[in-house]
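# Geometric and topological summary
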Amino acid sequence: MDTLPNVDTVQQPQQSSAKGEDRDNTTSPTQSSTITTATANNSPLTSRPHTPSLFQVTDTKQNPYASKLRNNPVDLNGFSWPSVGTEQRRSETAEEKELRVAKMADAVRTLLECIGEDPDREGLLKTPERYAKALMFFTKGYDELMNEVVNDALFDEDHEEMVVVRDIDIFSLCEHHLVPFCGKVSIGYIPNRRVLGLSKLARIAEMFSRRLQVQERLTKQIAVALDNILQPQGVAVVIEASHQCMVMRGVQKPGSKTITSFMLGRFRSDPKTREEFLSLVK
């Protein structure tokens, strides 16, 4: 299980005043494009601070905030924001995993009966097990650990200009109706002499999206995780997605898009830097 980040040494992100951005509950990209571009010339010349171990337990006597993190694993735990049942799922044996899928399949069979279907007819005989396994895949982000995702892809590099990876495909499930929402995420950051392997940006987005989510939280989780891991000069994340809960049901508005953004550091404090990023990801 992930341990907690050393919040004494890891810089905490600024709290946003925008409505909806204060909720802390997080693929291989197809046709993703990478952009490196210059930003303002006033980048700090001092060397970046030493980055501590990502998941180091903090002494709660020295930092009361660490106690909050420890007692509320849904908010923060090793930058992974797992639910209260995640550790049990992660630590299961192969036999226990089979029992979990069988339990889920029984529940799906009940659902089929409740909607008026015959779960014993030919076309539905294996549907409960199929759907149970599919749902485990749709939520595989609960099984992933940030240490394993980042691995050894952190590199010291004398680079302090904006790095952007855009149009990363993401697929997630709306936690309110358990129907899909999908779209693209664009991620930018300004290094502080430390860079992350480009594919890891997509993998972090994949880890957080393969869970029950709301788009606002997903956007923030990606940004906050990168800010803690890299300690950069700034992080920016923009997601544009289509929600089937608005298309297949409810207001039934096909073609509608939801756009969310979350900015930290220079992207939040410097309008020109923010404008440059937004122009690049259009």
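Criteria and cut-off values
Residues numbered from 1 in each chain as written. Predicted model: local features only at pLDDT ≥ 70, side-chain atom pairs only at ≥ 80, totals over all residues. Heavy atoms only, no water. Buried < 20%, exposed > 50% of the residue type's maximum accessible area, 1.4 Å probe, protein only. Helix = DSSP H or I, 4+ residues; strand = E, 2+ residues; numbered from the N terminus. Pairing = 2+ DSSP bridges. Contact = heavy atoms within 4.5 Å. Salt bridge = Lys/Arg side-chain N within 4 Å of Asp/Glu carboxyl O. Axes fitted to C-alpha atoms, helices over the stretch in contact; angles between N-to-C directions. Parallel < 35°, antiparallel > 145°, perpendicular 65-115°, else oblique. Left-handed = near helix turned anticlockwise from the far one by under 90°. Polar contact = N/O pair within 3.5 Å; in protein donor to acceptor, adjacent residues only side chain to side chain. pLDDT = per-residue confidence, 0-100. Core = buried A, V, L, I, M, F, W, Y, C linked by side-chain atoms within 4.5 Å. Phe/Tyr/Trp six-rings, centres within 6.5 Å; stacked < 30°, edge-to-face > 60°. Lys NZ or Arg CZ within 6 Å of the ring centre and 35° of its normal. Expected span 1.5 Å × (residues − 1).

## Concerning the pairing of strand β4 (residues 180-190)
- The buried fraction of β4 is high, at eight of 11 residues.
- Bridging between strand β3 (residues 162-174) and β4 involves nine bridges; their strand directions are antiparallel. Paired with Phe171 across the strands is Cys182, a residue of β4.
- Between the end of β3 and the start of β4, which pair antiparallel, lie five residues, with Leu178 showing a positive phi angle near 60 degrees.
- By the bridge criterion, 10 bridges tie β4 to strand β7 (residues 234-243) in an arrangement that is antiparallel. Bridge pairing links Val185 to Ile239 in β7.

## Examining the environment of Ala153
- Here Ala153 lies in the loop between α5 (146-150) and β2 (154-156).
- Exposure remark for Ala153: the relative accessible area of 8% places this residue in the buried category.
- A sequence separation of 45 residues divides Ala153 from Leu198, and the C-alpha atoms of the two residues are 8.8 Å apart.
- Excluding anything up to four places from it in sequence, Ala153 contacts Val195, Leu196, Gly197 and Lys200.

## Quick look at the pattern of salt bridges
- For the structure on display, the rule yields 15 salt bridges.
- Two residues, Arg121 and Glu117, come together in a salt bridge whose shortest N-O distance is 2.9 Å.
- Of the charged contacts, one joins Asp158 and Arg193 as a salt bridge, the two residues approaching to 4.0 Å between their closest N and O atoms. Of the two residues, Asp158 is situated in the loop between β2 and β3 and Arg193 in the loop between β4 and β5 (194-196); the sequence distance between them amounts to 35 residues.
- Taking the relative accessible area as the measure of exposure, Arg193 reaches 24% and is therefore partly exposed.
- What emerges from the salt-bridge pattern is a single network uniting Lys140, Glu144, Glu206 and Arg210.

## Digging into the packing of helix α3 (residues 94-114) against helix α4 (residues 127-138)
- Between α3 and α4, the shortest axis-to-axis distance is 8 Å and the interhelical angle comes to 120 degrees. In terms of their interaxial angle, α3 and α4 are classed as oblique. Seen from above, α3 lies across α4 with right-handed handedness. On α4, the residues touching Arg100, Val101, Met104, Ala105, Val108, Arg109 and Leu112 of α3 are Thr127, Pro128, Glu129, Tyr131, Ala132, Lys133, Leu135 and Met136.

## Concerning the side chain of Asn228
- Turning to its location among the elements, Asn228 is positioned in helix α7 (residues 215-230).
- Owing to a relative accessible area of 4%, Asn228 belongs among the buried residues under this scheme.
- A polar side-chain atom of Asn228 sits 2.8 Å from the main-chain carbonyl oxygen of Val224.

## Notes on the confidence of the model for the protein chain
- On average, residues of the protein chain score 78 in pLDDT, and 71% of them are at 70 or above.
- Here residues 1-79 scores under 50 on pLDDT; set against residues more than four positions off or in separate chains, the count is 179 contacts.

## Section: the nonpolar core
- If you look at the biggest cluster of nonpolar residues, it comprises 36 residues, and the most contacted ones within it are Val185, Ile187, Leu196, Ile222 and Leu226.
- Elements supplying a minimum of two residues to this core: α5, β3, β4, β5, α6 (198-209), α7, β7 and β8 (258-265).
- Counting residues per element, this core draws most heavily on α7, which supplies eight residues.
- Val164, Ile190, Ala236 and Val238 belong to the second largest nonpolar core, which has nine residues in total.

## A word on the packing of aromatic side chains
- Applying the stated criterion across every chain, the model contains one aromatic pair.
- Between Phe267 and Phe277 the ring centres are 5.5 Å apart and the planes differ by 70 degrees, which places this aromatic pair in the edge-to-face class. Of this pair, Phe267 sits in helix α9 (residues 266-269) while Phe277 is found in helix α10 (residues 271-280), placing the two residues 10 residues apart along the sequence. The pair Phe267 / Phe277 is uniform in exposure class, with both members buried.
- The ring of Phe262 has Arg268 sitting right over it, with the charged end atom 5.5 Å from the ring centre.

## Notes on the environment of Val164
- Looking at the secondary structure, you find Val164 in strand β3.
- Residue classification places Val164 among the buried residues on the basis of a relative accessible area of 0%.
- Note: C-alpha distance between Val164 and Leu201 (37 residues apart in sequence) is 9.7 Å.

## Details of α7
- The end-to-end C-alpha distance of α7, which contains 16 residues, comes to 23 Å, matching closely the 22 Å that a straight helix rising 1.5 Å per residue would cover.
- For α7, a buried count of 15 out of 16 residues is recorded, marking the element as mostly surrounded by other parts of the structure.
- Gln231, located one to two residues past α7, shows a positive phi value of around 50 degrees.

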